[in-house]
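What follows is the residue order along each chain.
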Amino acid sequence: LESDYRITQQTGRLTVLGRGEKYRIRLQAVSGSLPYDGSTHRLEGFEATAFTADGQSYHVDGVTAEAEGLHAGTYTLAPTGAVRVLDAAGNDVTAQFTVETEPGTLTILRRDVTLESASVSAEYSGDPLTSDMVYVRGDGFAEGEGAAYDVAGSQTVAGSSENSFTYTLLEG
């Protein structure tokens, strides 16, 4: 059969043209908040790294966002690294996308603490009336932390006065 034909094989070309207008994706770092508890907290990652465009699945890698904090305040999870967009087969298709990265935040909230010296009463005896009791109300102190108190209030004669005090915070 081959002697009856002179076959010339020519290979065609498959060309995928780049998109005139790139797909736009937004990569948002996660955010979270929690109360101060005396320990270091860490938050990392993105709300999503997988997405769909025109019915095709893609995912992003090569970029990270993380923050670490100990004390009350706001810490930024700033995306860092070289963003890479991969299709479902693992092909790098980053050139077809415009990727916007948005930072997230780790917020460590202050604890609300109220310190209140005791209110006491007694019948007149000629001796000074004092109380060195201080109550901690609200969220209280984080475990292992607290305060030392110097209560100065005193009342000897009939009447009343403030049970004043000062405090010094103690680190855990």
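Residues numbered from 1 in each chain as written. Predicted model: local features only at pLDDT ≥ 70, side-chain atom pairs only at ≥ 80, totals over all residues. Heavy atoms only, no water.

K.L.:
I'd like a rundown of the nonpolar core, residues and numbers included.
P.N.:
Of all hydrophobic cores here, the largest spans 21 residues; its most connected members are Phe51, Tyr58, Val60, Leu77, Val85 and Phe97. Residue assignment for this core shows that the elements contributing at least two residues are strand S1 (23–28), strand S4 (50–53), strand S5 (56–64) and strand S10 (104–109). Those residues within four positions of Phe51 in sequence are excluded, and the remaining contacts are Ile25, Gln56, Ser57, Tyr58, His59, Val60, Val85 and Phe97. (Core = buried A, V, L, I, M, F, W, Y, C linked by side-chain atoms within 4.5 Å. Buried < 20%, exposed > 50% of the residue type's maximum accessible area, 1.4 Å probe, protein only. Helix = DSSP H or I, 4+ residues; strand = E, 2+ residues; numbered from the N terminus. Contact = heavy atoms within 4.5 Å.)

K.L.:
So what's going on with the sheet that holds strand S2 (residues 32–35)? Residues and values would help.
P.N.:
What the three strands build is an open sheet, ordered S2-S10-S7; its pairing is mixed. Here the strands that pair on one side only, and so sit at the sheet edges, are S2 and strand S7 (73–77). Across the sheet, the axes of successive neighbouring strands diverge by a mean angle of 15°, strand direction being ignored. (Pairing = 2+ DSSP bridges. Axes fitted to C-alpha atoms, helices over the stretch in contact; angles between N-to-C directions.)

K.L.:
Describe in detail a nonpolar patch on the surface, supporting the description with residues and values.
P.N.:
A cluster of nonpolar side chains, Leu1, Tyr5 and Ile7, forms an exposed patch at the surface whose accessible area comes to about 450 Å². Relative to the helices and strands, Tyr5 resides in the segment before S1. You can call Tyr5 exposed: its relative accessible area is 55%. (Patch = residues over 30% accessible without salt bridge, like charges linked within 9 Å, V, L, I, M, F, W, Y side chains within 5 Å. Areas by Shrake-Rupley, 256 points an atom, 1.4 Å probe, with all protein chains shown as cover. Salt bridge = Lys/Arg side-chain N within 4 Å of Asp/Glu carboxyl O.)

K.L.:
Tell me about the sheet that holds S4, and please be specific about residues and values.
P.N.:
With antiparallel pairing, three strands are arranged side by side in an open sheet as S4-S5-S8. Edge positions in the sheet fall to S4 and strand S8 (80–87), since each of these pairs with one other strand and no more. In this sheet, adjacent strand axes meet at a mean angle of 30° when their direction is disregarded.

K.L.:
So what's going on with the pattern of salt bridges? Residues and values would help.
P.N.:
Summed over the entire model, instances satisfying the criterion amount to six salt bridges. Here Arg42 makes a salt bridge to Glu44, at a shortest N to O gap of 3.6 Å. Residue classification places Arg42 among the partly exposed positions, given a relative accessible area of 44%. The shortest N-O distance in the salt bridge between Glu68 and Arg42 comes to 3.6 Å. Residue Glu68 is located in strand S6 (residues 66–69), and its partner Arg42 is located in strand S3 (residues 41–44); the two are separated by 26 residues in the primary sequence.

K.L.:
Explain unusual backbone geometry to me, and be specific about the residues and the numbers.
P.N.:
At Asp54, a residue that is not glycine, the phi angle is positive and equals roughly 50°. Tracing the sequence through the fold places Asp54 in the loop between S4 and S5.

K.L.:
Lay out the packing of aromatic side chains in plain terms, naming residues and giving numbers.
P.N.:
Per the stated rule, a full pass over the model turns up six aromatic pairs. An angle of 80° between the planes, with centres 5.7 Å apart, marks the rings of Phe51 and Phe97 as edge-to-face. A residue pair is termed long-range when its members are at least 10 positions apart, and Phe51 in strand S4 and Phe97 in strand S9 (residues 97–102) qualify at 46 residues. Just as Phe51 is buried, Phe97 falls in that class too. Here the aromatic residues Tyr23, Phe51, Tyr58 and Phe97 are joined through ring pairs into a cluster of three or more. (Phe/Tyr/Trp six-rings, centres within 6.5 Å; stacked < 30°, edge-to-face > 60°.)

K.L.:
So what about the pairing of S10? Which residues, and what values?
P.N.:
Two strands pair when backbone bridges link them, and S2 and S10 are joined in this way by four bridges, in the parallel orientation. Bridging across to S10, Leu34 finds its partner in Ile108. As defined by bridge partners, S7 adjoins S10 across five bridges and the pair is classed as antiparallel. Residue pairing across strands places Thr76 opposite Thr105, the latter belonging to S10.

K.L.:
Tell me what's going on with the side chain of Asp87, and back it up with residues and numbers.
P.N.:
Its place among the elements puts Asp87 in strand S8. For the buried Asp87, no salt bridge is present, and the opposite-charge side chain at shortest range is Arg84, 10 Å distant. One polar contact links the side chain of Asp87 to the main-chain amide nitrogen of Ala89, over a distance of 3.0 Å. (Lys, Arg positive; Asp, Glu negative; His and termini not counted. Polar contact = N/O pair within 3.5 Å; in protein donor to acceptor, adjacent residues only side chain to side chain.)

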